[in-house]
Every structure is written in C-alpha cells, then in structure tokens.
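Reading the structure
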Amino acid sequence: MDDLTGAHWRKSTRSSSNGGNCIEVAVILPAVAVRDSKDRDGGTLRFDRHTWQSFVDGVKTTAF
C-alpha cells in the first residue's frame, strides 16, 4: 500500500463547488491514485500510469 500522506491531490477545474460528483487525483510514482472528493478517507483506487492515460484519453474523446 502506498503512503499517501504527502500526496498532492488535484480536483478537476470543471468541478463545481455546489457538492456535485467529483474525484481527486494524485500522482504517486509509478501510479496514479483516485479518490472521492466528498469522502477523502473512504479509500482510493490506484492505476498504473498507462491505464490511467488510456482512461483520460478515452474521456477526452467523449464530448460533453
């Protein structure tokens, strides 16, 4: 398990402050950690960088 104590978490600039669904992401080499911004102690998901990049690329091709 990774120590996330010093992780720098980032929230999407598209996130609103009205309590909507949002995730936070932290790069913890060699992986990426993801958590729910409303439940920061509720656990994290970890992805290798290749898998995370594939996910991000897929999201970017889906127009909202």
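Structure: see above.
Read on for a plain summary of the structure.

Things to note about the nonpolar core
Listed in full, the six residues of the largest apolar core are Leu4, Trp9, Ala26, Ile28, Ala31 and Ala33. Listed by contribution, the elements that provide at least two residues to this core are strand E2 (23-28) and strand E3 (31-36).

Concerning the sheet that holds E2
Pairing in this open sheet of four strands is antiparallel, and the strands run E1-E2-E3-E4 from one edge to the other. Of all strands in the sheet, those with a lone pairing partner are strand E1 (10-11) and strand E4 (45-48), marking the two edges. For E2 and E3, the ladder comprises six bridges, and the chain directions are antiparallel. Considered in E3, the bridge of isoleucine 23 is made with aspartate 36. Against the sheet, helix H1 (residues 49-60) engages E2, E3 and E4, with an angle of about 95° to E4.

Description of the pattern of salt bridges
Here the structure, examined in full by the defined rule, presents three salt bridges. A salt bridge links aspartate 36 to lysine 38; its shortest N-O distance comes to 3.4 Å. Aspartate 36 sits in the partly exposed class, given a relative accessible area of 33%. Beyond isolated ion pairs, a larger network of salt bridges with shared partners links Glu24, Arg35 and Arg40.

Side note on unusual backbone geometry
Cis geometry is adopted by the peptide bond preceding proline 30, which originates at leucine 29 and carries an omega value of 10°. Looking at the secondary structure, you find proline 30 in the loop between E2 and E3.

What to know about the layout of surface pockets
Approximately 790 Å³ is the volume attributed to the largest pocket. Every residue lining the largest pocket is counted, 20 residues in all, and those nearest its centre are Ser12, Ile23, Trp52, Val56 and Val59. Elements with a minimum of two residues in the lining of the largest pocket: E1, E2 and H1. The leading source of residues in the lining of the largest pocket is H1, at seven residues. Residues that form the lining of the largest pocket fall into these classes: 10 nonpolar, five polar and five charged.

What counts as what
- Each chain carries its own residue numbering, running from 1 in the written order of its sequence.
- Residue-level local features of this predicted model are given only where pLDDT is at least 70; pairs of side-chain atoms are given and counted only at 80 or more, and the full residue set underlies all totals for whole chains, interfaces and linings.
- To obtain the side-chain values, all non-hydrogen atoms of the structure were included, while hydrogens and water were left out.
- As used in this record, nonpolar core signifies buried Ala, Val, Leu, Ile, Met, Phe, Trp, Tyr and Cys residues forming a set joined through side-chain atoms within 4.5 Å.
- Categorising residues by exposure relies on relative accessible area from a 1.4 Å probe, with only protein chains included: less than 20% of the type maximum marks a residue as buried, more than 50% marks it as exposed, and the intermediate range marks it as partly exposed.
- What counts as a helix is a DSSP run of H or I of at least four residues, what counts as a strand is a run of E of at least two, and both are numbered from the N terminus.
- Paired strands, as defined in this entry, are two strands with at least two bridges between them according to DSSP.
- In what follows, residue pairs with any heavy atoms lying within 4.5 Å of each other are defined as contacts.
- All axes are obtained by fitting lines to C-alpha atoms, using only the stretch in contact for helices, and the reported angles, taken between N-to-C directions, cover 0 to 180 degrees.
- Salt bridge, as used here, is a side-chain nitrogen of Lys or Arg placed within 4 Å of a carboxyl oxygen of Asp or Glu.
- The definitions used throughout rest on a 1 Å grid laid over the protein atoms alone, on which a cavity is an enclosed set of points accommodating a 1.4 Å probe that cannot get out and a pocket is an open set flanked by protein within 12 Å on both sides along at least five of seven lines; lining residues are those having an atom within 4 Å of a point.
- Grid points are joined across faces, edges and corners, and a volume is the space filled by probe spheres set on the points.
- All amino acids are sorted into three groups, where Ala, Val, Leu, Ile, Met, Phe, Trp, Tyr, Cys and Pro are nonpolar, Asp, Glu, Lys and Arg are charged, and the leftover types, Gly among them, are polar.

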